[in-house]
Amino acid sequence: MKLFRITLILLLVSLTSCQSQDKKDTISLNYNAQTRGFQLAIQLKNNLLEVTKTNTTHKIELTENQLNEIISMVKKIDFDVLKSNISIDDLAVDKAIKGEFKLNLNGELYKFEFAHNNAPENIQELLNKLQSFDISEE
């Protein structure tokens with residue numbers, strides 16, 4: 001009986017550890033840049049991507065490889081050193097387009113505001129990659 005209990009406990013522990021290895025990254029990303037006559041909205045929820053460019057919306061289901069590429073890019077970004085860089089003065093005279101970036105990766109939430117044409121390099125690369133999936137689907 002004691003051997004049965006030990007075997008049962010070992011079986012349960014091994015099943016639990018196998019389940020935890022199968023967990024996938026969860027990602028939710030929203031980017032919105034808008035001014036008079038211009039709009040870019042990018043929404044990613046797990047593998048569903050929606051890109052809106054000035055009244056035209058495309059919805060795409062990303063492949064596992066595409067999603068893994070995006071998650072890999074996101075994980076390389078050091079969010080601790082990023083800072084919002086939008087100038088109220090530039091917004092007041094339409095010198096800059098305000099870009100709002102929100103990311104939730106595995107429960108970690110990041111939010112920044114950038115000048116759309118002056119986003120940090122790795123954020124811009126990520127946005128370009130997401131838009132390239134939209135272009136490749138047309």
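Relevant structure appears above.
Residues numbered from 1 in each chain as written. Predicted model: local features only at pLDDT ≥ 70, side-chain atom pairs only at ≥ 80, totals over all residues. Heavy atoms only, no water.

Describing the overall build of the protein chain
Thinking step 1. Of regular secondary structure, the protein chain possesses four helices and six strands.
Thinking step 2. Element order for the protein chain, N to C, with α for helix and β for strand: α-β-β-β-β-α-α-β-β-α.
Thinking step 3. Within the protein chain, residue pairs in contact and separated by at least 24 positions form 54% of the contacts whose partners lie at least 6 positions apart.
Thinking step 4. Split by element, the accessible area of the protein chain, about 9400 Å² in all, is 51% carbon and sulfur. (Helix = DSSP H or I, 4+ residues; strand = E, 2+ residues; numbered from the N terminus. Contact = heavy atoms within 4.5 Å. Areas by Shrake-Rupley, 256 points an atom, 1.4 Å probe, with all protein chains shown as cover.)

Thoughts on the environment of Glu 100
Thinking step 1. Tracing the backbone through its elements, the reader meets Glu 100 in strand S5 (residues 98–105).
Thinking step 2. With a relative accessible area of 28%, Glu 100 lands in the partly exposed category.
Thinking step 3. Here the alpha-carbon distance between Glu 100 and Glu 113, two residues 13 residues apart in the chain, equals 4.6 Å.
Thinking step 4. Among residues more than four places away in sequence, those in contact with Glu 100 are Asn 30, Tyr 31, Asn 32, Phe 112 and Glu 113. (Buried < 20%, exposed > 50% of the residue type's maximum accessible area, 1.4 Å probe, protein only.)

Considerations on the side chain of Thr 52
Thinking step 1. Counting through the fold element by element, Thr 52 comes out in strand S3 (residues 48–53).
Thinking step 2. The exposure class of Thr 52 is buried, given its relative accessible area of 11%.
Thinking step 3. At a separation of 2.9 Å, a polar atom in the side chain of Thr 52 contacts the side chain of Thr 57.
Thinking step 4. With near-sequence residues (within four places) excluded, Thr 52 lies in contact with Gln 39, Leu 40, Ala 41 and Thr 57. (Polar contact = N/O pair within 3.5 Å; in protein donor to acceptor, adjacent residues only side chain to side chain.)

As for the environment of Ser 84
Thinking step 1. Mapping Ser 84 onto the fold places it in the loop between helix H2 (64–75) and helix H3 (88–92).
Thinking step 2. Taking the C-alpha atoms as reference, Ser 84 lies 9.0 Å from Ala 119; in sequence the two are 35 residues apart.
Thinking step 3. Contacts of Ser 84, omitting those with residues within four sequence positions, involve Phe 112 and Glu 113.

A few points about H2
Quick reminder: α-helices carry 3.6 residues per turn. Residues three or four places apart thus point the same way.
Thinking step 1. The terminal C-alpha atoms of H2 lie 16 Å apart, and with 12 residues this matches the ideal 16 Å at 1.5 Å per residue to within 8%.
Thinking step 2. When H2 is considered as a whole, its buried residues turn out to be Gln 66, Leu 67, Ile 70, Ile 71 and Val 74. Along the axis of H2, the buried residues cluster in a sector spanning 135°; they form a single face. Facing away from the buried surface of H2 by more than 90 degrees, the exposed residues are Glu 64 and Asn 65. (Expected span 1.5 Å × (residues − 1). Arc of directions from axis to C-beta.)

Structural measurements only, silent on function.
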